[in-house]
Structure formats: C-alpha cells, structure tokens
Amino acid sequence: MRQQEVAYLGRMTAGLTHEMKNVLATIKESAGLMSDLLPIHVDKPEVLKERFERILPSILEQVRRGVEISNRMSRLAHSMDHSPADVDVHDLLDEVVFLMSRFARLKQVVLTLFPEAARWSVSTDPLRLQLVMAAAVDHCLEGAQAGQRIAIVPASGQSRVLFQVLDADQGSPATEYRVGARPEGLSGLAEVLEELGADVGVLEFGGAVGLAVQLPK
Amino acid sequence: MEGLRVLLVDDEEEFVVTLAERLKLRGIEARVATDGDEALTKVEEELPQVVVLDVMMPGTSGIDVLQHIRRRHPEVRVILLTGRGSTKEGIEGMRLGAFDFLMKPVKIEDLTQKLHDAVGSEAGASGGEGGQKP
C-alpha cells in the first residue's frame, strides 16, 4: 500500500470517528438529561413521560446515525479485501459522497449524486478508484464557494464520472462540456491513475470548475 | 455559579441544546449558537462570561471565533470542545488564548468545574494567553 492510500484511509477514518464522537456526545447528553429530570419530577410521572417521549426519539435517531457511520467504516475497511474486484460505480460514488460530505459541509458546500437508472460496474482496485473520486471532490471543493454544490454525474456510456461545481440555484448539471488536460493539482495521482488505467481531465462547461474521471472500460 | 452567563457553540444542534438545558438545571444561564457567525453575533449582543466552543464548524471555524473573541473581548473566557482523540488541538487552542479545553463527549461535572474555574480566574484576565493546564 502506498503512502497516498494510507493517508486517504487515515483522513476518512478520522472524519468518521469525529462524527461518531458527536453521536456519542449527543446520546450522552440526552441520557444525562433524563437522569437529571428523574429526581426533579419524581412525583410527576406525567411530566416525566412527556419529557422522555421527546428525548427518546432523539436517542434512537443518534443510534441510527451511529449504525450508518459504523457500516460506512466497515465498507471502507473491506474495500481492500480484493483487488481487482467488480465495483458498482454508483455504490462507490455513494460511499465517496458520504465520506466526503463532512469535508464539504465544513466549506458549506453540498455534494449531490445524480444516479443513473442502470447499474454500471468496472473491474478495478476499489480503494484506489475511491481515492481518485475523493481527490476529484477535493479538487472541486478547492474551487467552490460557500452555498455552491458539487454535482456528481456518472456517465456509463462514456465510462466517465463528471464532477461539476454548480450554484445553488442551478438545477441540473451541464450536458454540454469539453474534457481538457489533467489539472496540475492532481499530478500526484499519475501513478495511481496509470495503475487503474484511468485518467482525470478538466471539465470545461461555461467557465465553471469541474472534472471528468475517465474509468477503465 | 448562580447567574453565570455561558454561550455554547456547536453545529451539532441536538447536542448543544441538550447540554444547555442540563446547565440551566444547574443554575447556569446557557445560550446556544450553532455556527461561528451566530456565535460572534451573540458574543457582541450578550457578552457572555464564558464561551464553550466547538473547534470544527462549517464556515467560520472555532479557532477563528476564538481569535476574534481574544481581540475584541479578552475578558470573555473560551473553553474549547474538541472531537479529536488527542489533546493536540486543545493545546494549540490554549496557545491561541483559550482558557482550557474539553474532549467530547464531555462530563457535565468536568464542564461545570471548568466554567467555575474560568469565572474564578476572570478577575485576573488581562487578554493574555490562557492560563489553565488541562
């Protein structure tokens, strides 16, 4: 495993564990509040019932969130089990959107996946392909402003995934575009791209920031 | 600590609202902000004695808010909340003028103690570096 992959795993794991701490902190405060309220309202069971009925759904929601984070961590870990493997592109992009959403949220940018109706698979190294997709999101985040969103559009017919930075009021991703050269900022991915048989090019559409990731067919 | 005015700042709304209610049950006047910009507005409007501040927030970060408070209101004490598993971020925050830090999830007893310490040290606050060791 090369340093880039280790760094990617470290960054994603740090983000997920940070989210998990937020989940646990919220559950802890909710449970703590219930504990605080018990002696105060010990003679008023109807008050306790009303308060607890409001707190419990919050705890259950945080547990659901925690389970989702655990599942994502597990999938990330198991993405290294086999290489090459048949990778469902939509599932992979869904993972990348979940993992990168935290970093997007810190920049007040939203990631939106536009899934195709048909499923689409490639035989490749799952972790390295995920790393490339995440790097594409990072590249777009660098050029995005608060309030914008990044549309992620799989295009199976061209074996591409398009990443387009859109304004909040811009409903659909652009369909007219040109794919240019690999941006300098992603030159560090050259070796990984070569191993995958993939490539990354600037997506030119109306002067906005975008990338096209060309996948192996 | 009756009447102590605290501003809790965290983008995890459920967490921060619940924590505020628990502090209120302990006689502490706790207000809430869920992002850095809202925190800066409330600091100006309400001038809390202590700000409990999450480090990682969308938009204006906790560190930016800390630095703003240190410049504009050095008498306001800042306790950082960090979600990292190490003390590095908190120690860096103290170097920038935070009074102290806590790691999530917090113990309510630890938080109330640190709020107490912060207000107790208020008289000695002169806008310099934070003084407590974690």
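All values reported here derive from a predicted model rather than from experimental measurement.

## Overview of unusual backbone geometry
Note that the residue after A:Ser83, namely A:Pro84, is joined by a cis bond; omega there is 0°. Residue B:Pro105 is reached from B:Lys104 by a cis peptide bond, and omega for that bond is -10°. If you trace the backbone, B:Pro105 turns up in the loop between β5 (100-103) and α5 (108-120). With a phi angle near 60°, A:Gln108 is a residue other than glycine that sits in the positive phi range. With respect to the element layout, A:Gln108 can be found in the loop between α3 (89-106) and β2 (110-113). Phi is positive for B:Leu47, which is not a glycine, with a value near 40°. Its location among the elements puts B:Leu47 in the loop between α2 (36-46) and β3 (50-54).

## Some points on the interface of chain A and chain B
You'll often see interface size given as the accessible area lost when the parts meet. Between chain A and chain B, the residue contacts involve 17 residues of the former and 16 residues of the latter. Among the elements that make up the side of chain A that touches chain B, the one with the highest residue count is helix α1 (residues 3-40) of chain A (12 residues). Looking at the side of chain A that touches chain B, its residues break down into 5 nonpolar, 7 polar and 5 charged.

## Structural notes on the packing of α3(A) against helix α4 (residues 126-143) of chain A
Residue and element names in this part refer to chain A. Orientation of α3 relative to α4, taken along the N-to-C sense of each, is 40°, at an axis distance of 10 Å. When the axes of α3 and α4 are compared, the pair comes out oblique. Here α3 and α4 pass one another in a crossing that is right-handed. Across the interface between the two elements, Leu 92, Leu 93, Glu 95, Val 96, Leu 99, Met 100, Phe 103 and Ala 104 of α3 pack against Pro 126, Leu 129, Gln 130, Met 133, Ala 134, Val 137 and Leu 141 of α4. Partitioning the contact of α3 with α4 into residue classes produces 13 nonpolar, 1 polar and 1 charged.

## Here we look at the sheet that holds β3(B)
Residues and elements named next belong to chain B. The strand order across the open sheet formed by 5 strands is β2-β1-β3-β4-β5, and the pairing between neighbours is parallel. Pairing within the sheet leaves two strands with one partner each, and these edge strands are β2 (29-33) and β5. Across the sheet, the mean angle from the axis of one strand to that of its neighbour is 20°, orientation sign disregarded. Across 4 bridges, the pairing between strand β4 (residues 77-82) and β5 is parallel. Note on β5: the bridge partner recorded for Leu 80 is Phe 101. Relative to strand β1 (residues 5-9), α2 is tilted by about 170°, and along the sheet it contacts β1, β2 and β3.

## Description of α1(A)
With 38 residues, α1(A) extends 55 Å from end C-alpha to end C-alpha; this agrees with the ideal 56 Å at 1.5 Å per step. Considering only its buried residues, α1(A) is in contact with α2 (45-78), α3 and α4 of chain A together with α1 (13-25) of chain B.

## A short note on the pairing of β4(B)
Residue and element names in this part refer to chain B. In terms of residue burial, β4 counts as a mostly covered element, since 6 of its 6 residues are buried. Judged by which residues are buried, β4 turns out to be covered on both faces: Arg 77, Ile 79 and Leu 81 on one side and Val 78, Leu 80 and Thr 82 on the other are all buried. Direction of pairing for β3 relative to β4: parallel, over a ladder of 5 bridges. Its bridge partner being in β4, Val 52 is matched across the sheet by Ile 79. With helix α4 (residues 88-95) bridging β4 and the parallel β5, this β-α-β connection has right-handed handedness.

## What to know about the packing of α2(B) against helix α3 (residues 62-72) of chain B
Working note: a packed helix pair is described by the angle between its axes plus the distance between those axes. All names here are of chain B. Here α2 crosses α3 at 20°, and the two axes come no closer than 9 Å. As far as their axial angle goes, α3 and α2 are roughly parallel. Between α2 and α3 lies a crossing of right-handed hand. Two secondary-structure elements touch here, α2 through Gly 36, Ala 39, Leu 40 and Val 43 and α3 through Gly 62, Asp 64, Val 65, His 68 and Ile 69. Split by residue class, the contact of α2 with α3 holds 5 nonpolar, 3 polar and 1 charged.

## Observations concerning the confidence of the model for chain B
Caution applies to low-pLDDT regions: their predicted coordinates should not be interpreted in detail. For chain B, mean pLDDT is 89; residues scoring 70 or higher make up 89% of the total. Below pLDDT 50 for its whole length, residues 123-134 of chain B participates in 18 contacts with residues either more than four positions away or in separate chains.

## Looking at α2(B)
Residues and elements named next belong to chain B. Within the span of α2, buried status applies to Gly 36, Ala 39 and Val 43. Projected down its long axis, α2 carries its buried residues within an arc of 55°, all on one side. Turned more than 90 degrees off the buried face of α2, the exposed positions are Thr 41, Glu 44, Glu 45 and Glu 46. The elements touched by buried residues of α2 are β1, β2, β3 and α3.

Thresholds applied
- Residues numbered from 1 in each chain as written.
- Chains lettered and ligands numbered in written order.
- Predicted model: local features only at pLDDT ≥ 70, side-chain atom pairs only at ≥ 80, totals over all residues.
- Helix = DSSP H or I, 4+ residues; strand = E, 2+ residues; numbered from the N terminus.
- Contact = placed C-beta atoms within 7 Å.
- Nonpolar A, V, L, I, M, F, W, Y, C, P; charged D, E, K, R; others polar.
- Axes fitted to C-alpha atoms, helices over the stretch in contact; angles between N-to-C directions.
- Parallel < 35°, antiparallel > 145°, perpendicular 65-115°, else oblique.
- Left-handed = near helix turned anticlockwise from the far one by under 90°.
- Pairing = 2+ DSSP bridges.
- Expected span 1.5 Å × (residues − 1).
- Buried ≥ 20, exposed ≤ 12 C-beta atoms within 10 Å, placed from the backbone.
- Right-handed = clockwise from strand over helix to strand, strands pointing away.
- pLDDT = per-residue confidence, 0-100.
- Arc of directions from axis to C-beta.

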